[in-house]
Amino acid sequence: MSQVAAIPGRLLDLALPARCPGCGQEGPPICASCAPTLDARLELPGGVPIGLPSDVPAPLLQLEWCAPFGGMVRRALHELKYSGETRLAGPLGEAVARRWRRVGAGGDVLVPVPVHADRARRRGYDQAELIARAAGRALGLPCAPILERTRATIAQFDLDRSTRATNVRGAFSLREGVQRVHLAGRWIVLVDDVVTTGATLSACAEPLLAAGAIGVSAITVARER
Ligand SMILES: [Zn+2]
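Residues numbered from 1 in each chain as written. Predicted model: local features only at pLDDT ≥ 70, side-chain atom pairs only at ≥ 80, totals over all residues. Heavy atoms only, no water.

Caption draft 1: The arrangement of helix H8 (residues 199-210) in detail. Taking 1.5 Å per residue as the helical rise, H8 with its 12 residues ought to reach 16 Å, and the 17 Å between its terminal C-alpha atoms agrees with that figure. The buried count for H8 comes to 9 of 12 residues, which makes it a mostly enclosed element. Just beyond H8, the residue with positive phi is Gly212, at close to 110°. (Helix = DSSP H or I, 4+ residues; strand = E, 2+ residues; numbered from the N terminus. Expected span 1.5 Å × (residues − 1). Buried < 20%, exposed > 50% of the residue type's maximum accessible area, 1.4 Å probe, protein only.)

Caption draft 2: Looking closely at the coordination of the zinc ion. Taken together, the protein ligands of the zinc ion are Cys20 (SG), Cys23 (SG), Cys31 (SG) and Cys34 (SG), with distances of 2.3 to 2.4 Å. Each of the 4 donor atoms bound to the zinc ion contributes to angles spanning 103 to 116°, and the resulting shape is tetrahedral. Spacing between the donor residues of the zinc ion along their common chain follows C-x2-C-x7-C-x2-C. With relative accessibility at 15%, the residue Cys34 sits in the buried group. (Donors = N, O, S within 2.8 Å, 3.2 Å for Na, K, Ca; no water. Tetrahedral: all angles 85-135°; square planar, octahedral: opposite > 155°, others 65-115°.)

Caption draft 3: View of empty space enclosed by the protein. Under the defined criterion, the tally for this structure stands at 1 cavity of 30 Å³ or more. Approximately 30 Å³ is the volume found for the largest cavity. Every residue along the wall of the largest cavity is listed here: Pro112, Val113, Pro114, Asp126, Glu129, Pro145, Leu147 and Arg175. (1 Å grid on protein atoms, 1.4 Å probe; cavity = no way out; pocket = protein on both sides within 12 Å on 5 of 7 lines; lining within 4 Å. Points joined across faces, edges and corners; volume = space filled by probe spheres on them.)

Caption draft 4: Representation of the packing of helix H3 (residues 89-103) against helix H5 (residues 127-139). Where H3 contacts H5, the axes come no closer than 7 Å and their chain directions differ by 55°. By the angle between their directions, the pair H3 and H5 is classed as oblique. Taken as a pair, H3 and H5 cross one another with a handedness that is right-handed. Across the interface between the two elements, Ala89, Gly90, Leu92, Gly93, Glu94, Val96, Ala97, Trp100 and Arg101 of H3 pack against Leu130, Ile131, Ala134, Ala135, Ala138 and Leu139 of H5. A class-by-class count of the residues in the contact of H3 with H5 yields 11 nonpolar, 2 polar and 2 charged. (Axes fitted to C-alpha atoms, helices over the stretch in contact; angles between N-to-C directions. Parallel < 35°, antiparallel > 145°, perpendicular 65-115°, else oblique. Left-handed = near helix turned anticlockwise from the far one by under 90°. Contact = heavy atoms within 4.5 Å. Nonpolar A, V, L, I, M, F, W, Y, C, P; charged D, E, K, R; others polar.)

Caption draft 5: How the structure looks around the environment of Ser33. Tracing the chain through its elements places Ser33 in the loop between strand E2 (26-27) and strand E3 (63-68). The class for Ser33 is exposed, based on a relative accessible area of 60%. Residues Ser33 and Cys20 lie 13 residues apart in sequence; the distance between their C-alpha atoms is 9.9 Å.

Caption draft 6: Representation of the confidence of the model for the chain. For the chain, mean pLDDT is 87; residues scoring 70 or higher make up 88% of the total. Mean pLDDT values over the elements of the chain span from 54, in helix H1 (residues 3-15), up to 98, in H5. Low pLDDT, under 50, characterises residues 1-6; the stretch is placed with 2 contacts to residues that sit more than four places away or in other chains. (pLDDT = per-residue confidence, 0-100.)

Caption draft 7: Structural view of helix H2 (residues 71-82). For H2, with 12 residues, the first-to-last C-alpha span of 16 Å sits near the 16 Å given by 1.5 Å per residue. Where H2 is concerned, the buried positions are Met72, Val73, Ala76, Leu77 and Leu80. Each buried residue of H2 lies within a common arc of 130° when the element is viewed along its axis, so the set occupies one face. For H2, the secondary structure elements touched by its buried residues are E3, H3, H5, strand E7 (187-195) and strand E8 (215-223). Once H2 finishes, Gly84 follows within two positions and takes phi at roughly 75°, a positive value. (Arc of directions from axis to C-beta.)

Caption draft 8: Structural detail: the packing of aromatic side chains. Summed over the entire model, instances satisfying the criterion amount to 0 aromatic pairs. The side chain of Arg223 reaches across the aromatic face of Trp65, ending 4.9 Å from its centre. (Phe/Tyr/Trp six-rings, centres within 6.5 Å; stacked < 30°, edge-to-face > 60°. Lys NZ or Arg CZ within 6 Å of the ring centre and 35° of its normal.)

Caption draft 9: The arrangement of the nonpolar core in detail. Within the largest apolar cluster, 29 residues are counted, with the highest numbers of intra-cluster contacts made by Leu38, Val73, Leu92, Ile131 and Val221. When neighbours within four sequence positions are excluded, Leu38 is seen to be in contact with Ile30, Cys66, Ala67, Met72, Val73, Pro91, Leu92, Ala95 and Val221. In this structure, Leu63, Ala144, Leu208 and Ala218 belong to the second largest nonpolar core, which totals 26 residues. (Core = buried A, V, L, I, M, F, W, Y, C linked by side-chain atoms within 4.5 Å.)

Put into C-alpha cells, the structure is as follows:
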C-alpha cells in the first residue's frame, strides 16, 4: 500500500471505537473476555519450558514472553504492526509488564528492538517502541529507544533457523549520540513484539554489552515456535 493511501485509513480507524482483535466487539482495544489470553503464561514459572527448541540464546540472561503466537494475540500484533491500530500497544505493553513483574530477575531500562528507520518512518511509529513505552509506564521503568537497525534485514519470517542468525548479526548498533557512559552498569531489558529463535534479540544485545551494559534480558508479547 502506498504511503498516501495508508494515511487516511489510519486516521479513519482511530476515529472509530477500537474493535477487539479476538471477537470483533467494539470498545476497549482488547475486550475483557478476550484479555486473559494475553496472560496465558502469567502463572508459569520463568524460563523456557521443555519442548521448545532452544534454551535462552546467548548472550541473553533471560528470555520471557506473555503468550503463544496465535489466535487473538497474533491478530492483535498484526493489527498493531500493519493496520495502524496503535491503541493495542497499551494492553500489550501492560501484559509484558505483568509477566516481567512476575518472573523478571532484574533490569533497570527497557530498550525496544528497532525496526529499520525507513520502515518506521513509512509506518509513522515503531510497534516495539510503543509496547515498551506502555510496559515501562506500568513497571515504573524508563524506556530508552537507543538502538537502531543499521542495515535492512530480510523478514526473519522468510528464513530458516540457521539463516536467521546470520541475517541479523551485526544489524544493530547504538543510535548516534547515545553515550556509552549511560549504559555502563545498566541491566537492559529488550522488548519486542514476537520472538522465534531469539536471533534478533541476541544481535541487539551485542552492542549494548559492548557499550558497558552489565546484562541484557528480553521479553516479548508472544513466542512463535
Ligand atoms: Zn474480545
